[in-house]
Structure formats: C-alpha cells, structure tokens
Amino acid sequence: MRAQPTASHYIDGAYVDDTTGDSFDSLYGYTGETIATLHDATPDLIDRALASAARAQVAWAALPGVERGRVLRRAADIMRERNRELSELETLDTGKPLQETLVADATSGADALEYFGGIAASIGGEHVQLGDDFFYTRREPLGVCVGIGAWNYPIQIACWKAAPALACGNAMVFKPSETTPLSALKLAEILTEAGAPPGLFNVVQGRGAVGAALIDDPRTAKVSLTGSVPTGRKVYASAAEGMRHVTMELGGKSPILIFDDADLDAAVSGAINGNFYSSGQICSNGTRVFVQRDLLDPFLTRLSERLNGVVMGDPLDETTNFGPMTTERQMQIVLDYIEKAKAEGARLIAGGARADRDGWFIAPTVFADVTDDMTIAQEEIFGPVMSVLTFDTEAEAVTRANATPFGLSAGVFTRDLARGHRVAARLQAGTAWINTYNLTPVEMPFGGVKMSGIGRENSREAIAHWTQVKSVYVGAGTVEAPY
Ligand code: NAD
C-alpha cells in the first residue's frame, strides 16, 4: 500500500523532488506498512522556500482583499470536491478511521479557507478624530510566516494556519509533522489550482531541525506552532532571539466537571468524545473527568455499557469508529502510562492494555478512583485513557480542575445553567464548553492559557495574530516647535 506523493516538498508552485536529505517513512498504524518515504529539506531547499515566499508575499499583499479571498474560497470548494480522496490519505497517514476523517479533517480545513476567504475583504483598521488632526490604523501583513504542525490533525492544522495567514496578506512556509507529512502537500497543490501565486504557500518536510532552521532565518516574521509544551518552549525561545511573532497551540490536561444534576447520557457522550475520538490523540481532550460523588456509579455503569459500541478495525472501513495509534512509539508511551496508573493504585474499569489484534490499537481505557497526585492525572498522555476523579462541592471541583500548569480547554455538564456559566467563568482555560465537548467551529476562537499556549486560531481573533498595526497620524494644522 503506497500513498506516495509526487515528491517530498512543494516550493514556488511545484513539487520538488530532492532526495539529498535523510529519508524518513510515513507508516500506516493499522498494518505497520510504509505508505510513503520522504526526505528532510536541505538548507538549500529551506532557502529556496523562504525566498519564494518572500517574493510572492509582496504582490499578494498588494492585491485587494476580495481577490485574496476568492483564491481561498476556491480552494475550499476544491477541497470539498476532493474530500473523499483527502480523507483516505489522512486515514492512511494518521490511522484515524475514515468515519472521522470524512467529517472532521479536510472539511474543517475547508471551513477555515471559506471563513477567512470571506473575511479577507474586510480586514482593516480604525479612524480616530483628534480635533482637526486624526489618526488611522492599518492592519498590515507580517510578511513570511512559518507554520509547524503536529501529527494528529495534519490538514486541519495546515489550513487553520494558512487560511488566516494568507487572508491577511502573508506568505507561508509550512513544515508538517514528520509523522504525518502527506496532506499538507495536497493543500499546496489545491491552493495552486485555486489561483495562489507560486511561492505563496510552500511545504518543506523534515524533523525538528528543519523547523528550527526556518525559525532562525531572518526572513521569518512569525512562527505558529501546533505541538507539545516542550517543543513550544524551544520554538518560543528561538523566536524570541529574532523578536518574531508567535502563536503556540500546545498540549493540555483538560478537566470535564460533571455535576449530579447533569443529563447522564449527554455527560457520558461528552466524556467519550473528549477521550476516545481519534483514539485520544486530541490536544483539547478532557482527560480528567471529575464526577460528583452521587453520580459516580451511574456514570461508570453507563460509560461501560456505551463502550460496548466501540468498533475497532480497518480504518478504511466506514463502520470502524476506533482506530490504532498513529505511531508504535506513541502506543508504547500510552501503555507505559497505563502501567503507571495501575502501579499507583487507580481502579481499572475498562481496557487497560494493547488490543488483542494486529495494528497499534489500545483499547479505550477508563480508570476510576484517580487522585490528583497520580501521574495520569497530571501529564498529557495523548491516547485513549480517561481518568475519573470524584468530587463533592463546586468550589472543590473548580480548585482541583485548575490545579494544573495546562489551560487549553474545560467542560461542565449541569442542568443548572447559572452554575454552568459560573463554573465556565472560573475555569482557567482558553475554551470552556457547557453541556457539550470538543466542538471547535471556525467561527469560535481556539487556543490555550497558561502552558497550553499563546495567541488564538480561528474566528476574527486570528486576524490580530497574523497582522501588525501601523498608526498613521495626520496633522491638519500648523506644526508647533519650541525653537
Ligand atoms: P511535537 O511537539 O513533538 O512536534 C510538533 C512539531 O514541531 C513537529 O512538526 C516537529 O517536527 C516540530 N519540532 C520538533 N522540535 C522542533 C524544534 N526544536 N524546532 C522547530 N520545530 C520542532 O508534537 P507532536 O507529538 O507532533 O504532537 C502532539 C502534541 O501536539 C501534543 O502535546 C498535543 O496536545 C499538541 N497539539 C496541540 C494542538 C492545539 O491546537 N493546541 C493541536 C494538536 C496537537
């Protein structure tokens, strides 16, 4: 089985086949087969990508916003037309079931292209009168921007960065994760077909060192990273050297608070979506599920029943709703956390081991009686492991939910809406959901607080992170001077 792209890189409007750099493989988690072999970008290729982006950006920024937007909206249409092919590629690259990729990956990327395509024509500043004088502000592009992706939502991440960046008049060099490198190349192809000028969106492949070289280049004005906190620290530090703008979309250990008046099935659904979708490989997952004491037993009983509906199998079969881990290494990391949880005294309710079948599957795993100090309650696992903790009072639940260095997301399930809003306000998170979980429409800002990140993606908020403000003061009277 091969999903080999035409070449590793996409630079200046065309595929570039350069095999000088070290090679790496993309593997399919269901069979362990190599589906593509790619090569690290060499310094020469990195230079070519940045140079072509710098060239393209000037003319692109000079276009009226409505023309930039038209290209993005055309790209959205092409992406939707090619959704099945893109979804199958994403399934091979990530191992995620086609049932998911058909509705959550290229489609959410297309939403971003359409949304920011629509907004491009109305990006602007403000005018303020100061007597006869006045000033106005211009929202200007940053220039050449670098996007660096994680491996869980490859084409969505590429679109969430490219769409607002290009709408604002920037050009981009994107480095996908070396684990899931393929679909970003398709985005580049689609943007070209939609009318993007050569060099506007380039893709270079490689491991961390390629990302680091892009950030260190003086032509780079901004870096937007989706990745882990340790990588975020390094990227933020090297961006600081060059005083470059940053957006950091990092990891989490998000809480879901389930009060005893909650709709039990809705809460169970939220916990399932927030722990087992994409086999748990989602940054915003609510992996600390705090359940109010009286609801604990009904919650665990209903959750166990619902887990009978898990269909593990061939990710390309649309009836499969639970796929393998994306890499063997990630599977091992998750299995180590499961063993640690057992050793630290958590009570295993479901799963708890590698599934007895081929492929890098871990059965959906639930631990109860988890305490705040256990490793699985503190560290991001990035796999299908739910920790259930018990609480008595609202104040206690909020305090414990906030006792983490992360702050990406949070959820609250209750029929008491006043409590829902009160708790949402107190939870330290970039996004809080009330009576639902993990919905991230493009219209809504997304990002983290505390160690989970800096800046926001999606929505009108993103415009502020892909532009800089110039103030233009206009004097209308005489110019006073002391001498
Ligand atoms: P990772 O941090 O290992 O890698 C992310 C990217 O950074 C990769 O492309 C990698 O090659 C690159 N990289 C590594 N070292 C670098 C360096 N020194 N300089 C520049 N680039 C470097 O993350 P991952 O394992 O691919 O993804 C999982 C992580 O991503 C999890 O922590 C998850 O929570 C997070 N994530 C966050 C969001 C979000 O929106 N907040 C979304 C998805 C994933």
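The rules behind each value
Residues numbered from 1 in each chain as written. Predicted model: local features only at pLDDT ≥ 70, side-chain atom pairs only at ≥ 80, totals over all residues. Heavy atoms only, no water. Helix = DSSP H or I, 4+ residues; strand = E, 2+ residues; numbered from the N terminus. Expected span 1.5 Å × (residues − 1). Buried < 20%, exposed > 50% of the residue type's maximum accessible area, 1.4 Å probe, protein only. Phe/Tyr/Trp six-rings, centres within 6.5 Å; stacked < 30°, edge-to-face > 60°. Lys NZ or Arg CZ within 6 Å of the ring centre and 35° of its normal. Pairing = 2+ DSSP bridges. Axes fitted to C-alpha atoms, helices over the stretch in contact; angles between N-to-C directions. Contact = heavy atoms within 4.5 Å. Near = heavy atom within 4 Å. Polar contact = N/O pair within 3.5 Å; in protein donor to acceptor, adjacent residues only side chain to side chain. Areas by Shrake-Rupley, 256 points an atom, 1.4 Å probe, with all protein chains shown as cover. Nonpolar A, V, L, I, M, F, W, Y, C, P; charged D, E, K, R; others polar. Salt bridge = Lys/Arg side-chain N within 4 Å of Asp/Glu carboxyl O.

Novice: Would you explain helix α3 (residues 83-94) in this entry?
Specialist: Since one α-helical turn is 3.6 residues long, residues separated by three or four positions face the same way. Compared with an ideal rise of 1.5 Å per residue, which puts 12 residues at 16 Å, α3 spans 16 Å between its outermost C-alpha atoms and is within 8% of the ideal. Buried residues dominate α3, accounting for nine of its 12 residues. Asn83, Leu86, Ser87, Leu89, Glu90, Thr91, Leu92, Asp93 and Thr94 are the residues of α3 that are buried. Backbone geometry just downstream of α3 places Gly95 in the positive-phi region, at approximately 85°.

Novice: Can you help me understand the packing of aromatic side chains in this one?
Specialist: Any two aromatic rings considered together are summarised by their centre-to-centre distance and by the angle between their planes. Inspection of the entire model under this criterion finds nine aromatic pairs. Aromatic side chains Trp160 and Phe446 sit 5.9 Å apart centroid to centroid with 65° between the ring planes, which places their arrangement in the edge-to-face category. Placement of the pair is Trp160 in helix α6 (residues 154-167) and Phe446 in the loop between β18 (431-434) and β19 (453-454), with a sequence separation of 286 residues. Here a set of aromatic residues connected by ring pairs shows up, and it is made of Tyr28, Tyr30 and Phe361. Its guanidinium or amino end placed over the ring of Trp466, Lys222 lies 4.4 Å from that ring's centre, counting from NZ or CZ.

Novice: How should I be thinking about the sheet that holds strand β20 (residues 467-474) in this particular structure?
Specialist: With respect to topology, three strands assemble into an open sheet ordered β5-β6-β20, the strand pairing being antiparallel. Each of the sheet's edge strands pairs with one partner strand only, and the pair in question is β5 (127-130) and β20. On average, each strand axis in the sheet is inclined to that of its neighbour by 20°, with strand direction left out of account.

Novice: Help me understand the sheet that holds strand β17 (residues 409-413) in this model?
Specialist: By definition, the strands of a sheet pair up through backbone hydrogen bonds, in either a parallel or an antiparallel sense. Here we have seven strands laid out as an open sheet, ordered β14-β15-β16-β13-β12-β17-β18, and mixed in their pairing. Looking at which strands have only one partner, the edges of the open sheet turn out to be β14 (347-350) and β18. Recorded for the sheet is a direction-independent mean angle of 20° between the axes of neighbouring strands. As paired strands, β17 and β18 are joined by four bridges and run parallel to one another. The residue bridging Ser409 from the neighbouring strand is Thr431, located in β18. Sheet strands touched by helix α14 (residues 394-402): β12 (255-258), β13 (288-292) and β16 (385-391). Its angle to β16, the strand with the most contacts, is close to 145°.

Novice: How should I be thinking about the site of the ligand in this particular structure?
Specialist: The environment of the ligand is made up of 29 residues, and the closest members are Trp151, Glu178, Ser228, Thr231 and Glu380. Interatomic distance of 3.3 Å between a backbone N/O atom of Gly227 and an oxygen atom of the ligand. Isolated, the ligand exposes 850 Å² of accessible area, and the fraction of that covered by the protein chains is 86%. Counting only elements with at least two residues in the shell around the ligand, the list comes to α8 (208-216), β10 (220-226) and α9 (229-241). No other element matches α8, which puts four residues into the shell around the ligand. Of the residues belonging to the shell around the ligand, the class tally is 13 nonpolar, 10 polar and six charged.

Novice: Just checking my understanding: could you explain the pattern of salt bridges for this structure?
Specialist: Counted according to the given criterion, the structure contains 27 salt bridges. For the salt bridge of Glu114 with Arg80, the shortest nitrogen-to-oxygen distance reads 2.9 Å. Here Glu114, found in helix α5 (residues 106-119), pairs with Arg80, found in helix α2 (residues 65-81); they are 34 residues apart in sequence, far enough to count as distant. On the accessibility criterion, Glu114 (40% relative accessible area) is partly exposed.

Novice: What should I look at first to understand unusual backbone geometry in this one?
Specialist: Excluding glycine, residues mostly carry a negative phi; peptide bonds, for their part, are mostly trans. For Asn438, which is not glycine, the phi torsion reads 70° and is therefore positive. Here Asn438 lies in the loop between β18 and β19. Relative accessible area serves as the criterion here: at 17%, Asn438 is assigned to the buried category. Here the phi dihedral of Lys450 falls at roughly 50°; this positive angle occurs in a residue that is not glycine. Its location among the elements puts Lys450 in the loop between β18 and β19.

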